[in-house]
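# Chain and residue survey
As a plain string of letters, each chain reads:
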Amino acid sequence: MMTNPAGRLTQGQFSFLPDLTDAEIARQIEYGLGKGYAWSVEYTDDPHPRNTYWEMYGNPMFDLRDAAGVMHEMQACRKAFPRHYVRLVAFDSTRGVETIGMSFIVNRPPQEPGFGLQRQEVDGRRVRYSVRGYALERPEGERYGAENA
């Protein structure tokens, strides 16, 4: 049974939905700001499920109270990295620690190469599995080149 027929990366909220429009993204930012969340913009060309530490674009916006500022940073990141994954992360500090309250992808490369499951037989009859992104077959910075546009 195929649960992701489009073959798209499914990380964070809204990942099974069609891409959000900028107006829908702004509404989600407003929702997070209303809850007291601080926003951050992150990007990567290696979206492996265990790669939780993406590169930060600028500083987290802890004192921002307007969605327009977050949208400006997001647009700048999209422009700087058009062939990377870009996500917005909202931090909830109401409990005294930084916890992710929201996270969703706002930019994807034109072609998403996907992931392969690698099987390795080890001691006796044990089988070990790992996931490897097809994009990693190319060097960093060239993973989503012009031929994928």
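Presented here is an overview of the structure given in this document. Note that the coordinates shown come from a computational prediction; the quantities given were computed from them, not determined experimentally. (Residues numbered from 1 in each chain as written. Predicted model: local features only at pLDDT ≥ 70, side-chain atom pairs only at ≥ 80, totals over all residues. Heavy atoms only, no water.)

## Re empty space enclosed by the protein
For clarity, the cut-off: Think of a 1 Å grid over just the protein atoms. A cavity is a set of points where a 1.4 Å probe fits yet cannot get out, a pocket is an open set with protein on both sides within 12 Å along at least five of seven lines, and lining residues have an atom within 4 Å of a point. Grid points are joined across faces, edges and corners, and a volume is the space filled by probe spheres set on the points. In the scheme used here, Gly and all other residues not listed as nonpolar or charged are polar, with Ala, Val, Leu, Ile, Met, Phe, Trp, Tyr, Cys and Pro taken as nonpolar and Asp, Glu, Lys and Arg as charged.
Counted under the stated rule, the structure contains one cavity of 30 Å³ or more. The space that makes up the largest cavity amounts to roughly 80 Å³. Taken together, Arg-8, Gln-13, Phe-14, Ser-15, Leu-17, Pro-18, Asp-19, Leu-20, Phe-104, Ile-105 and Arg-108 make up the lining of the largest cavity. When the residues that make up the lining of the largest cavity are grouped by side-chain class, the tally is six nonpolar, two polar and three charged.

## With respect to the environment of Val-131
Rule in force here: Note on conventions: DSSP H or I runs of at least 4 residues are helices, E runs of at least 2 residues are strands, and numbering of each starts at the N terminus.
Mapping Val-131 onto the fold places it in strand β6 (residues 127-133). Put simply, Val-131 and Arg-119 are 12 residues apart on the chain and 9.0 Å apart in space, counted from C-alpha to C-alpha.

## Structural notes on unusual backbone geometry
Most peptide bonds are trans, and most residues other than glycine sit at a negative phi. Positioned with a positive phi, Phe-14 is a non-glycine residue whose angle comes to about 65°. With respect to the element layout, Phe-14 can be found in the segment before α1 (22-34).

## Side note on helix α2 (residues 67-80)
Since there are 3.6 residues in each turn of an α-helix, residues three or four apart along the chain are aligned in direction. Rules: One fewer than the residue count of a helix, multiplied by 1.5 Å, yields its expected span. The buried label goes to any residue with under 20% of its type's maximum accessible area, the exposed label to any with over 50%, and the partly exposed label to all in between, with areas taken from a 1.4 Å probe on protein chains only. Note that the arc is computed from the directions linking the helix axis to the C-beta atoms. Throughout, a contact is declared for two residues whenever any of their heavy atoms are within 4.5 Å.
Between its first and last C-alpha, α2 extends 20 Å over 14 residues, near the 20 Å set by a 1.5 Å rise per residue. Restricting attention to buried positions, one finds in α2 the residues Ala-67, Val-70, Met-71, Met-74, Cys-77 and Arg-78. The arc that holds the buried residues of α2, viewed along the axis, is 125°, so those residues lie on one side. Of the residues in α2, the exposed ones pointing more than 90 degrees away from the buried face are His-72 and Lys-79. The inward-facing, buried residues of α2 abut α1, β1 (38-44), β2 (55-61), β3 (85-92) and β4 (99-107).

## Quick word on the pairing of β1
Residues in a regular strand point their side chains to alternate faces of the sheet. Put simply, the test is: Between any two strands, pairing holds if DSSP finds at least two bridges.
Most of β1 is tucked away: seven of the seven residues are buried. Side-chain alternation along β1 places Ala-38, Ser-40, Glu-42 and Thr-44 on one buried face and Trp-39, Val-41 and Tyr-43 on a second face that is also buried. With four bridges joining them, β1 and β2 adopt antiparallel strand pairing. Its bridge partner being in β2, Trp-39 is matched across the sheet by Met-61.

## Observations concerning the packing of aromatic side chains
Worth spelling out the cut-off: Pairing of aromatic rings covers Phe, Tyr and the six-membered ring of Trp, with a centre-to-centre limit of 6.5 Å; geometry is then stacked below 30 degrees between planes, edge-to-face above 60, and tilted otherwise. The rule is short: NZ of Lys or CZ of Arg within 6 Å of the ring centre and within 35 degrees of the ring normal puts a charge over the ring.
Tallied over the entire structure, the rule returns four aromatic pairs. Centre to centre, the rings of Trp-39 and Phe-104 are 6.1 Å apart; their planes meet at 75°, and the pair counts as edge-to-face. Within this pair, whereas Trp-39 is found in strand β1, its partner Phe-104 is found in strand β4, the two being separated by 65 residues in sequence. Accessibility assignment for this pair places Trp-39 and Phe-104 in one class, buried. Three or more aromatic residues link up through ring pairs in this structure, and these residues are Phe-14, Trp-39 and Phe-104. The ring centre of Trp-54 lies 4.0 Å from the NZ or CZ of Arg-87, which sits over that ring.

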